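Tertiary structure, described
Here is how the chains run, residue by residue.
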Amino acid sequence: MGMITDWPSLAACQNGDPDALFVQGAEQNVAKRICRSCPVRYECLADALDNRIEFGVWGGMTERERRALLRRHPQVTSWRKMFEAAMKKNAREKAGRDKVLVTTAN
């Protein structure tokens, strides 16, 4: 399970008002709600982090939140690769748990 390359075409915000994602203050919380159910949230966030996008809500994070994340993890050279690795690890762990459940149920 990898990340989607053509993520913008699947984004929850693709048909909305683009200006709604470039707001300030409390309005950012409204913009972040759009991202919660987005199927390509992590692809969007990785793109914003990897390209150091400074403005707007991307992947459910504001510019301030993204800057703080980048400061906390300066060693990350590719957020996309990091997210892909985490997704693969989670999938393997889930498969292992599912296997244990099936084995103990029989």
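This one's a predicted model, so the numbers in the text were calculated from it and none came from an experiment.

1. Considerations on the UniProt feature "binding site: [4Fe-4S] cluster" (unreviewed entry) in the protein
The residues that UniProt annotates with the feature "binding site: [4Fe-4S] cluster" (unreviewed entry) are Cys13, Cys35, Cys38 and Cys44. Their sequence span is 32 residues, while the largest C-alpha to C-alpha distance among them is just 10.8 Å; these annotated residues converge on one region. By the element assignment, cysteine 38 lies in the loop between α1 (27-36) and α2 (41-50). Using a relative accessible area of 14% as the deciding quantity, one classes cysteine 38 as buried. Excluding anything up to four places from it in sequence, cysteine 38 contacts Ala11 and Ala12.

2. Examining a positive patch on the surface
A surface patch of like charges, here positive, comprises Arg64, Arg67, Arg71 and Arg72. Secondary-structure assignment places arginine 64 in helix α3 (residues 63-72).

What counts as what
Along each chain, the written sequence defines residue order, and numbers are assigned to residues from 1. For a predicted model such as this one, the threshold for reporting local features is a pLDDT of at least 70, and the threshold for listing and counting side-chain atom pairs is 80 or more; totals across whole chains, interfaces and linings nevertheless cover every residue. Note that water and hydrogens are dropped before the side-chain values are worked out from all heavy atoms of the structure. UniProt positions are given in the numbering used here, feature names are shortened, and annotations may be inferred rather than shown by experiment. Helix and strand assignments come from DSSP, with helices taken as H or I runs of at least 4 residues and strands as E runs of at least 2, each series counted from the N terminus. Think of it in three bands: residues with accessible area under 20% of the maximum for their type are buried, residues over 50% are exposed, and the middle band is partly exposed, with areas taken using a 1.4 Å probe on protein chains only. We call two residues in contact whenever any of their non-hydrogen atoms come within 4.5 Å of each other. Patch membership is restricted to residues that have no salt bridge and whose relative accessible area is over 30%. Joining uses 9 Å for like charges and 5 Å for the nonpolar side chains Val, Leu, Ile, Met, Phe, Trp and Tyr. Surface accessibility in these figures is a Shrake-Rupley result with a 1.4 Å probe; residues are shielded only by whichever protein chains are displayed. Put simply, a salt bridge is a Lys or Arg side-chain nitrogen that is within 4 Å of an Asp or Glu carboxyl oxygen. A positive count includes Lys and Arg, and a negative count includes Asp and Glu. His and the chain ends are not counted in either. Charge positions come from single atoms, namely NZ of Lys, CZ of Arg, CG of Asp or CD of Glu.

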